[in-house]
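Structural overview for review
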Amino acid sequence: MSYWQKQTKETNEQKNTLADSGDNFRPISEIYLKIHQYELFYRDHRMQSKEAVTFYALNDAINKYALIDYLQQQNITLSDEKRQLQRELLEEQLTKDLQDPLLKPYLETMFQVLNISNQDYIEQYLLINTEHDLLKEDMFSSNKGLVQDESGLFSYPSSDQQSLYQKKMGISFDYLEYLAESKLIHIEPDHPKFDLPFAIDSNFFNFTKNLAGEPIFASKEFSESDLTMEQRDFLYVIKKQYNLHELGRYNFNLYKDALQQEAAPDSENKAIANELMEIFEIAERTIDWDIGEVTNYEFNEIPMFDVNQLRKHKDITLQLYEHEYYYREEEIPKKFYAFRIAHEEIVAMYALFNYLKQDFGIELDETIRSSTRAKLEKSLNEQLQNPSFKKYIDDLLQTFEIPLSAYINDYLLVKEEYELLLQLMKDQNIGIDPDGRYNKGWIEARYRTAADLLWEDQFQKMWDMQLTEVVEPLEPQPEFSFSLSEYAPPIGLNDEGQYIFVNIYALHSWLTEEQQTLFDLLVKTYDLPVLSRYSMTEYKEKLDQLKADENKKKQLLEILDIFERSIRE
């Protein structure tokens, strides 16, 4: 058991049993959820989609109410005097806000749309947030309500208490995952293949085009934090100069008007203002501006496909995907991660198959299926001319006790069908919105529910698979006949006392420049696949045959030996 897992286990065992009590239970207010959705949608600086807001509003509420409930079960609450003081301060602040010409129309519209009073807003939203913040601050400053581990450290078991509170509220793990994953995604890749008339921070902003060929954001959200530093700095100047509040949907047009003024021909800020106006225009095309009706949560009501018409995956398809990902992926995944990716990808594929079939009556034409199968068979036969790949496939067929035709039909053809149907959706505008998006998480939840493939079960299995001993780095690090780059993971020892890397990821990403040159020559000379668990033997065999400096070959072989030991599980 690793150190952090041991600490978590000990913390869980020591948590105050009063926190498990149902006495004085304080459920989440429906009014709180309504207001928080509205505030997140219109006033938050992250202008997220309605689907994202629906999830975050509930998730935030669980986090806050869980802490309040945890302390309340231990008789730790705000005193009546302190609560009254905070109520008076909030009333005073709301009175000021309602006199603010920029906030007044927003707040009055919210009260009308949600059918709530000023007092509802204070008592069932603002005061809850304040209570949480004050109790949390006092808890960490005084250690009241915290649990102590063997080393004397105090902590709040947040994950455990949030899970416990969810159960008290009757909110399942899978319901939260359904909300978290429900978002519109674009079929096309998230990176632009076209020029943009402004600077972007490539780490955050991703663009694509809508069906009309206009640039849009790849996701249905826009945040000031995604802009470049220069753009953010100028928006801050705009905010101060025009006496605006933080950018959100509700005051977006005020910022846009200010930018238009700053883009005047004689303005020294014309260039940056025009740049931001271009981005604002894309934001207008991309994101939703009206929340419509806020969500009335029906806990554990997860949509599902018609079970009687369900096209369900075969166990062998899932097993083959996990096997292939584990052995052939360049990033050398752990078993638990290969398990996760296999489940996520199979769900994505069969969710799409059922979405198109049950909602639109669309499935792959049998003629196309037959021709696709023939192409796959031809390609596979060509690959099988490689002795290393043939051995890998022979071992795979023996492991799963299947014929080669099953590998083609139940794995390769399923993957190819998924790609063909995605392209069909794009080409014929089936099941996508005018911006070329579909709600991937929503259709996946429908499949998971119908196929009884629950998130909670999957995560529990993943957790069990992660319970392995952590290898600690050696101090000092051993010396070798070769050098390692600064990005290389440290060296430790396995159970046999052999050197291994304590962390594993793609080898080429941390070789020295000289080692990388030799590695690239090896790949190019023998047209090798990516280095993975499956191809490791072939790399070592071909390295021995490569005509190159023997000393450099020996050093790379030593690295490959350590790497090979490191990737065994």
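What follows covers the overall build of the protein. Along the protein, the regular secondary structure elements total 21 helices and ten strands. For the protein, the C-alpha atoms occupy an extent of roughly 80 × 60 × 60 Å along the three principal directions. Within the protein, the fraction of its 569 residues that count as buried is 46%. Excluding contacts between residues fewer than 6 apart, the proportion of contacts in the protein whose partners are at least 24 apart in sequence is 73%. Accessible surface, the protein as shown: approximately 29600 Å² in total, 47% of it carbon and sulfur. Charged side chains of the protein number 60 positive and 104 negative; the gap between the two group centres comes to 3 Å.

Structurally, Glu324 is set in helix 12 (residues 315–328). Residue Glu324 is classed as buried on the basis of its relative accessible area of 6%. Among the polar contacts made by the side chain of Glu324, one reaches the side chain of Tyr392 at a distance of 2.4 Å. Contacts of Glu324, omitting those with residues within four sequence positions, involve Glu329, Tyr392, Leu396, Tyr407 and Tyr411.

Close reading of the predicted structure is inappropriate where its pLDDT is low. Of the residues in the protein, 93% reach a pLDDT of 70 or more, and the chain-wide mean stands at 90. Taken as a whole, residues 1–18 scores under 50 in pLDDT and shows 30 contacts with residues more than four places along the chain or in a different chain.

Turning next to the nonpolar core. Counting residues in each nonpolar core, the largest one holds 56 residues, and the members touching the most others are Ile28, Leu58, Leu107, Met110, Phe111, Tyr121 and Tyr175. Looking at this core, the elements that each hand over two or more residues are helix 2 (30–42), helix 3 (50–72), helix 4 (80–97), helix 5 (104–114), helix 6 (118–142), helix 7 (158–169) and helix 8 (173–181). Per-element accounting of this core gives the leading share, twelve residues, to helix 3. Every residue in contact with Phe111, bar those within four places of it in the chain, is listed here: Leu94, Leu98, Ile116, Ser117, Asn118 and Tyr121. One finds Phe305, Ala342, Ile402 and Ala451 within the second-largest nonpolar core, a separate group that totals 53 residues.

One way to put it is that helix 13 (residues 335–360) packs onto helix 16 (residues 404–428) with a least axis distance of 10 Å and a crossing angle of 50°. In terms of orientation, helix 13 and helix 16 fall into the oblique class. Between helix 13 and helix 16 the crossing geometry is left-handed. For the pair helix 13 and helix 16, contact is made by Ala348, Met349, Tyr350, Leu352, Phe353, Tyr355 and Leu356 and by Val414, Lys415, Glu417, Tyr418, Leu421, Leu422 and Met425, respectively. When its residues are assigned to classes, the contact of helix 13 with helix 16 shows twelve nonpolar, no polar and two charged.

Attention now moves to helix 9 (residues 229–241). Taking 1.5 Å per residue as the helical rise, helix 9 with its 13 residues ought to reach 18 Å, and the 18 Å between its terminal C-alpha atoms agrees with that figure. Among all positions in helix 9, only Gln231, Phe234, Leu235 and Ile238 are buried. Looking straight down helix 9, one finds that the buried residues subtend no more than 100° of arc, so they occupy a single side. Facing away from the buried side of helix 9 by over 90 degrees, the exposed positions are Met229 and Lys240. The elements touched by buried residues of helix 9 are helix 10 (252–262) and helix 11 (270–286). Asn243, located one to two residues past helix 9, shows a positive phi value of around 55°.

Let's shift gears to the side chain of Thr372. Of note, Thr372 is situated in helix 14 (residues 366–383). When residues no more than four places from it in sequence are discounted, the contact partners of Thr372 are Leu413, Glu416 and Leu420.

Evaluation of the coordinates by the stated rule reveals 41 aromatic pairs. Within the aromatic cluster, the residues linked to one another by ring pairs are Phe25, Tyr32, Tyr65, Phe111, Tyr121, Tyr125 and Tyr165. Over the face of the ring belonging to Phe41 we find Arg249, whose NZ or CZ atom lies 3.7 Å from the ring centre. When the ring centre of Tyr326 is taken as reference, the NZ or CZ atom of Arg533 above it lies at 3.8 Å.

It is worth spelling out the packing of helix 4 against helix 6 at this point. One way to put it is that helix 4 packs onto helix 6 with a least axis distance of 10 Å and a crossing angle of 125°. By the criterion of interaxial angle, the relationship of helix 4 to helix 6 is oblique. Relative to helix 6, the crossing made by helix 4 is right-handed. Contacts between helix 4 and helix 6 involve Lys82, Arg83, Gln86, Arg87, Leu90, Glu91 and Leu94 from the first element and Asn118, Gln119, Tyr121, Ile122, Glu123, Leu126, Leu127, Thr130, Glu131 and Leu134 from the second. Here the residues of the contact of helix 4 with helix 6 are counted per class, giving seven nonpolar, four polar and six charged.

For the rest of this paragraph, the subject is the pattern of salt bridges. On inspection of all chains with the given rule, the structure shows 27 salt bridges. Among the salt bridges present, the one from Asp288 reaches Lys220, with a minimum N-O distance of 3.3 Å. Separated by 68 residues along the polypeptide, Asp288 in the loop between helix 11 and helix 12 and Lys220 in the loop between strand 6 (215–217) and strand 7 (222–223) bring together distant segments of the chain. The partly exposed category is assigned to Asp288, whose relative accessible area is 29%. When the shortest N-O distance is used, the salt bridge between Arg328 and Glu324 registers 3.1 Å. Remark: Glu324 and Arg328 occur in helix 12; sequence separation between them is four residues, near one turn of the helix.

This part takes up unusual backbone geometry. The linkage connecting Glu475 with the following residue, Pro476, adopts the cis geometry, with an omega of -5°. Positionally, Pro476 belongs in the loop between helix 18 (455–466) and strand 9 (491–493). For Glu401, which is not glycine, the phi torsion reads 55° and is therefore positive. Within the fold, Glu401 resides in the loop between helix 15 (387–400) and helix 16. We classify Glu401 as exposed; its relative accessible area is 72%. Positive phi, close to 50°, is recorded for Asp527, a residue that is not glycine. One can find Asp527 in the loop between helix 19 (513–526) and helix 20 (536–545).

We now examine the environment of Asp120. Of note, Asp120 is situated in helix 6. Owing to a relative accessible area of 22%, Asp120 belongs among the partly exposed residues under this scheme. Between the alpha carbons of Asp120 and Tyr32 there is a distance of 8.9 Å; along the sequence they are 88 residues apart. Filtering out sequence-adjacent residues up to four positions away, Asp120 remains in contact with Ile31, Ile35 and Tyr125.

Reading the values: the criteria
Residues numbered from 1 in each chain as written. Predicted model: local features only at pLDDT ≥ 70, side-chain atom pairs only at ≥ 80, totals over all residues. Heavy atoms only, no water. Helix = DSSP H or I, 4+ residues; strand = E, 2+ residues; numbered from the N terminus. Buried < 20%, exposed > 50% of the residue type's maximum accessible area, 1.4 Å probe, protein only. Contact = heavy atoms within 4.5 Å. Areas by Shrake-Rupley, 256 points an atom, 1.4 Å probe, with all protein chains shown as cover. Lys, Arg positive; Asp, Glu negative; His and termini not counted. Charge placed at Lys NZ, Arg CZ, Asp CG, Glu CD. Polar contact = N/O pair within 3.5 Å; in protein donor to acceptor, adjacent residues only side chain to side chain. pLDDT = per-residue confidence, 0-100. Core = buried A, V, L, I, M, F, W, Y, C linked by side-chain atoms within 4.5 Å. Axes fitted to C-alpha atoms, helices over the stretch in contact; angles between N-to-C directions. Parallel < 35°, antiparallel > 145°, perpendicular 65-115°, else oblique. Left-handed = near helix turned anticlockwise from the far one by under 90°. Nonpolar A, V, L, I, M, F, W, Y, C, P; charged D, E, K, R; others polar. Expected span 1.5 Å × (residues − 1). Arc of directions from axis to C-beta. Phe/Tyr/Trp six-rings, centres within 6.5 Å; stacked < 30°, edge-to-face > 60°. Lys NZ or Arg CZ within 6 Å of the ring centre and 35° of its normal. Salt bridge = Lys/Arg side-chain N within 4 Å of Asp/Glu carboxyl O.

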